[in-house]
Every structure is written in C-alpha cells, then in structure tokens.
Amino acid sequence: MGGNNSGRRRSVHRGAVEQFPVIDLRVLKRAGLLKPGECTYDTLRWRNQDLEALEVRIFVDLSDAGDASIRIAGDVPAQRAAIECVPCPYGGYRWYFLCPLTGTRCEQLFLVDGTFASRKAHRLTYASQSEDELSRARRKARKLHRQVNGDSRYARPRSCNRYAKMRELKQAKRDAQNLYRERLSAMVGDEHD
C-alpha cells in the first residue's frame, strides 16, 4: 500500500492561487457589499510584482434573491457570475458564487487569462501543496514572525501570549536551521561517497 507512483496521478496545474487576483465573497461581506434586497458597487485593485495595478469595478445585485449576481468590468472583459442565496435555519442567508465555467458553488473567483472562475475550474493549487519539509518549516517561522510583530492580518499579542509566541518563533527558527543543516550535510556526504 502506498508505494512509489501509487494512487491517483496529479493532473496538470496552472499555478498557485497566491499568484492570481481573487474576488472573495467573505471579504465582500465584511466590506458591507452583500446586503439583501440592495445593489452595491465598489472598486477592487490588485498589485502583484507589476508596477501597474489591475483595477475592476464590481456591481453586486441582491435585489432579487432568485436572480442575484455580480457584474465585473474594468481592466478585464466584462463578466457576470450568479450568486446563490441559501437561507440559513435561524435566519439570514449564506452566499455562494456559481462558477461561470462549471456552475458549482464557490466562495472565491480567481482571474486567470482574463476570466474569473473557481479554483478548480482554473486547475489552481495552493503553494503549500508543492512545498518540501524545509520550505514548510521556513513558512511556519515567517508566519510566527508576522504574528509576534503584528501586521494587517494579525494583531500583536500581549503579555503571556507574546512570550509564548516568541518561544514558538525561536523553536521554529531552530527547526528550520536544523533541517537546512541536515540537508547540507546530506549533500556534502553524497559528494564524498
């Protein structure tokens, strides 16, 4: 069980989700753009490694729950994606995009080759799926460093929590350094054999 080349083969993927602009339904909800019975609009901007920023205008139409949609216009060809409104048992709604390519529910639409669609429709993976043990250890250390210092995603921890995070960060750095040294010694050992 579980030998080399066993199991389902990995299909061809275009890249990692972190490389592409995304419209996230949860972010739109936090921004107050998902209001039942109303039409709202906003401008989204993305900047990757390019000097030019990509800018799109989104129009969210929730005036009719049976025909809710999002329209996207701007630096990309004009597109439309349906929004499915699912009533919750204790009131309110749960919102989902319907992927324009596959028709399946999703919470994020990624821009690849000028088309917004779901991660699976574009065959995108997460960067962590292609990492080795050393990369994973380094990513853990970077995440803990951001948590200790605080940034736009993490609030800076206080008192005992801060000391605990600092201990975790030191341990994660030591682990990453040890993995790096093991890898170097294995490479040097292979050369001398």
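Residues numbered from 1 in each chain as written. Predicted model: local features only at pLDDT ≥ 70, side-chain atom pairs only at ≥ 80, totals over all residues. Heavy atoms only, no water.

Draft legend 1. Region of the structure containing the overall build of the protein. Within the protein, the regular secondary structure consists of three helices and 11 strands. Helices and strands in the protein line up, N terminus first, as β-β-α-β-β-β-β-β-β-β-β-β-α-α. When each of the 193 residues of the protein is scored for burial, the buried share is 30%. Long-range pairs, those at least 24 residues apart, make up 38% of the contacts in the protein between residues at least 6 apart in sequence. (Helix = DSSP H or I, 4+ residues; strand = E, 2+ residues; numbered from the N terminus. Buried < 20%, exposed > 50% of the residue type's maximum accessible area, 1.4 Å probe, protein only. Contact = heavy atoms within 4.5 Å.)

Draft legend 2. Fine view of the nonpolar core. Within the largest apolar cluster, 27 residues are counted, with the highest numbers of intra-cluster contacts made by I23, L28, I58, I70 and F97. Of all the elements in the fold, those that place two or more residues in this core are helix 1 (25-30), strand 3 (39-46), strand 4 (54-61), strand 5 (69-74), strand 6 (79-87), strand 7 (93-98), strand 9 (108-112) and strand 10 (115-117). Looking at which element gives the most residues to this core, the answer is strand 4, with four residues. Each residue touching I23, except ones within four places of it in the same chain, is listed here: L28, L44, W46, I58, I70, I72, F97, E107, Q108, L109 and F116. Of all hydrophobic cores here, the second largest spans five residues; its members include A141, L144, L169 and A172. (Core = buried A, V, L, I, M, F, W, Y, C linked by side-chain atoms within 4.5 Å.)

Draft legend 3. Broad picture of the pattern of salt bridges. Counted by the stated rule, this structure contains seven salt bridges. A salt bridge links E84 to R105; the shortest N-O distance between them is 3.1 Å. Taken as a pair, E84 in strand 6 and R105 in strand 8 (residues 105-106) lie far apart in primary sequence, 21 residues in all. Residue E84 is classed as partly exposed on the basis of its relative accessible area of 25%. (Salt bridge = Lys/Arg side-chain N within 4 Å of Asp/Glu carboxyl O.)

Draft legend 4. A look at the sheet that holds strand 7. On the basis of which strands lie adjacent, the open sheet formed by six strands has the order 3-4-5-6-7-8 and antiparallel pairing. Looking at strand neighbours, the two that pair on one side only are strand 3 and strand 8, the edges of this open sheet. With eight bridges connecting them, strand 3 and strand 4 associate as antiparallel partners. What sits directly across from C39, in strand 4, is D61. (Pairing = 2+ DSSP bridges.)

Draft legend 5. Local environment of helix 2 (residues 133-149). The end-to-end C-alpha distance of helix 2, which contains 17 residues, comes to 25 Å, matching closely the 24 Å that a straight helix rising 1.5 Å per residue would cover. Positioned one or two residues after helix 2, G150 has a phi angle of 80 degrees, which is positive. (Expected span 1.5 Å × (residues − 1).)

Draft legend 6. Structural detail: the packing of aromatic side chains. As enumerated under the stated definition, the model contains three aromatic pairs in all. Centre to centre, the rings of W46 and F116 are 6.2 Å apart; their planes meet at 40 degrees, and the pair counts as tilted. With W46 in strand 3 and F116 in strand 10, the pair connects residues that are 70 residues apart, well separated along the chain. Residue W46 shares its accessibility class with F116, and that shared class is buried. One Lys or Arg, R71, reaches over the ring of F59 and ends 4.8 Å from the middle of that ring. (Phe/Tyr/Trp six-rings, centres within 6.5 Å; stacked < 30°, edge-to-face > 60°. Lys NZ or Arg CZ within 6 Å of the ring centre and 35° of its normal.)

Draft legend 7. Spotlight on the sheet that holds strand 10. Taken in spatial order, the three strands line up as 2-9-10 in an open sheet, and their pairing is antiparallel. Taken across any chain shown, the strands that pair with only one partner, and hence form the sheet edges, are strand 2 (22-24) and strand 10. On average, each strand axis in the sheet is inclined to that of its neighbour by 20 degrees, with strand direction left out of account. Judged from the three bridges that link them, strand 2 and strand 9 form a sheet pairing that is antiparallel. Bridging across to strand 9, D24 finds its partner in Q108. (Axes fitted to C-alpha atoms, helices over the stretch in contact; angles between N-to-C directions.)

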